[in-house]
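Working through the structure, step by step
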Amino acid sequence: AQSVTQLGSHVSVSEGALVLLRCNYSSSVPPYLFWYVQYPNQGLQLLLKYTSAATLVKGINGFEAEFKKSETSFHLTKPSAHMSDAAEYFCAVNRADKLIFGTGTRLQVFP
Amino acid sequence: DAGVIQSPRHEVTEMGQEVTLRCKPISGHNSLFWYRQTMMRGLELLIYFNNNVPIDDSGMPEDRFSAKMPNASFSTLKIQPSEPRDSAVYFCASSLRGGSGEQYFGPGTRLTVT
């Protein structure tokens, strides 16, 4: 069955540093993969999605993710962190009509 | 274009009272999902509908919880009677079935049961 694992429940970076949030998936069929961001007291917002087109997917706010089938990974990156990136990030994979979410990674950005 | 609309945004009620949460999905979307989010349990799928029909309610915690979707533009999640452990943020999300599956979330209803 499809599932995702997010490594690291908390990640801290300095402003301007590289952001790397890890997500590994398990799927018996080619998956659709998603990254969502949740700012405090808000709903989840779609950052980007992979739907079997280009393996490098660009999203909003300068984020991107690369689908690597050999590693079953879909890590989220941003070259330079900004204070406004502090939030919780969720990786998700489709399973039939549903999305299966990871447990989330809280990103802290220090000045 | 309006996103998913939820009301109320905040609800404080006493134990034993009935609580009704409301959701209006994005126009044209034919799948609707209710989630609950807590610090302890994270994000949980409670129930989802396709074309107004409940498909999977295995995440509904107890018989005290019920959900309806009388038409394509409105859904309710009801808790009767409410208990303090129901305190959480409840999210509604909608999607276009048959697409790539991305869901669009509402702002949530923060429920506090005292």
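Preceding block: the structure.
This text gives an overview of the structure that appears in the document. (Residues numbered from 1 in each chain as written. Chains lettered and ligands numbered in written order. Predicted model: local features only at pLDDT ≥ 70, side-chain atom pairs only at ≥ 80, totals over all residues. Heavy atoms only, no water.)

A look at the packing of aromatic side chains
In this structure the tally under the stated criterion is 13 aromatic pairs over all chains. Ring centres of tyrosine 36 of chain A and phenylalanine 105 of chain B lie 5.7 Å apart, and the angle between their planes is 75 degrees; on these two criteria the pair is classed as edge-to-face. Placement of tyrosine 36 of chain A in strand 4 (residues 33–38) and of phenylalanine 105 of chain B in strand 10 (residues 104–105) is noted, with the two residues assigned to different chains. Just as tyrosine 36 of chain A is buried, phenylalanine 105 of chain B falls in that class too. (Phe/Tyr/Trp six-rings, centres within 6.5 Å; stacked < 30°, edge-to-face > 60°. Helix = DSSP H or I, 4+ residues; strand = E, 2+ residues; numbered from the N terminus. Buried < 20%, exposed > 50% of the residue type's maximum accessible area, 1.4 Å probe, protein only.)

Considerations on the pattern of salt bridges
Across all of its chains, the model carries 14 salt bridges over all chains by this definition. A salt bridge links lysine 58 of chain A to glutamate 64 of chain A, with the shortest nitrogen-to-oxygen separation between them at 2.8 Å. Overall, the relative accessible area of 22% leaves glutamate 64 of chain A in the partly exposed class. Here lysine 78 of chain B and glutamate 18 of chain B are joined by a salt bridge, their closest N and O atoms 3.8 Å apart. Highlighted residues: lysine 78 of chain B in strand 8 (residues 74–79) and glutamate 18 of chain B in the loop between strand 2 (10–13) and strand 3 (19–24), separated in sequence by 60 residues. Using a relative accessible area of 30% as the deciding quantity, one classes lysine 78 of chain B as partly exposed. (Salt bridge = Lys/Arg side-chain N within 4 Å of Asp/Glu carboxyl O.)

Considering the interface of chain B and chain A
In many reports, interface size means the accessible area that the parts give up when they come together. Each side of the interface is counted separately: chain B has 21 residues, and chain A has 16 residues. Between chain B and chain A, a total of about 1400 Å² is buried, with carbon and sulfur atoms accounting for 53% of that surface. When the buried surface of chain B facing chain A is broken down by residue, Ser100, Glu102 and Phe105 of chain B rank first, second and third, together holding 31% of it. Between aspartate 97 of chain A and arginine 97 of chain B there is a salt bridge; the shortest N-O distance is 3.2 Å. (Contact = heavy atoms within 4.5 Å. Buried area = accessible area lost by both parts, 1.4 Å probe.)

Examining the layout of surface pockets
Any space left empty among the atoms is revealed by the rolling of a water-sized probe across them. Taken as a whole, the largest pocket holds about 760 Å³ of empty space. Around the largest pocket sit 31 residues that line it, and Gln38, Glu88 and Arg106 of chain A together with Gln37 and Met39 of chain B are the ones nearest its centre. (1 Å grid on protein atoms, 1.4 Å probe; cavity = no way out; pocket = protein on both sides within 12 Å on 5 of 7 lines; lining within 4 Å. Points joined across faces, edges and corners; volume = space filled by probe spheres on them.)

Looking at the state of the cysteines
With the rule as written, the count across this model stands at two disulfides over all chains. A disulfide bridge connects cysteine 23 of chain A with cysteine 91 of chain A, and the sulfur atoms are separated by 1.9 Å. The chirality of the disulfide connecting cysteine 23 of chain A with cysteine 91 of chain A is left-handed, given an S-S dihedral of about -65 degrees. Within this pair, whereas cysteine 23 of chain A is found in strand 3 (residues 19–26), its partner cysteine 91 of chain A is found in strand 9 (residues 87–95), the two being separated by 68 residues in sequence. Both residues of the pair, cysteine 23 of chain A and cysteine 91 of chain A, belong to the buried class. Through a disulfide, cysteine 23 of chain B is tied to cysteine 92 of chain B; the S-S separation comes to 1.8 Å. Here cysteine 23 of chain B and cysteine 92 of chain B share a disulfide; its torsion about the S-S bond, -65 degrees, makes the bridge left-handed. (Disulfide = S-S within 2.5 Å.)

Shape is all these values report; function is a separate question.
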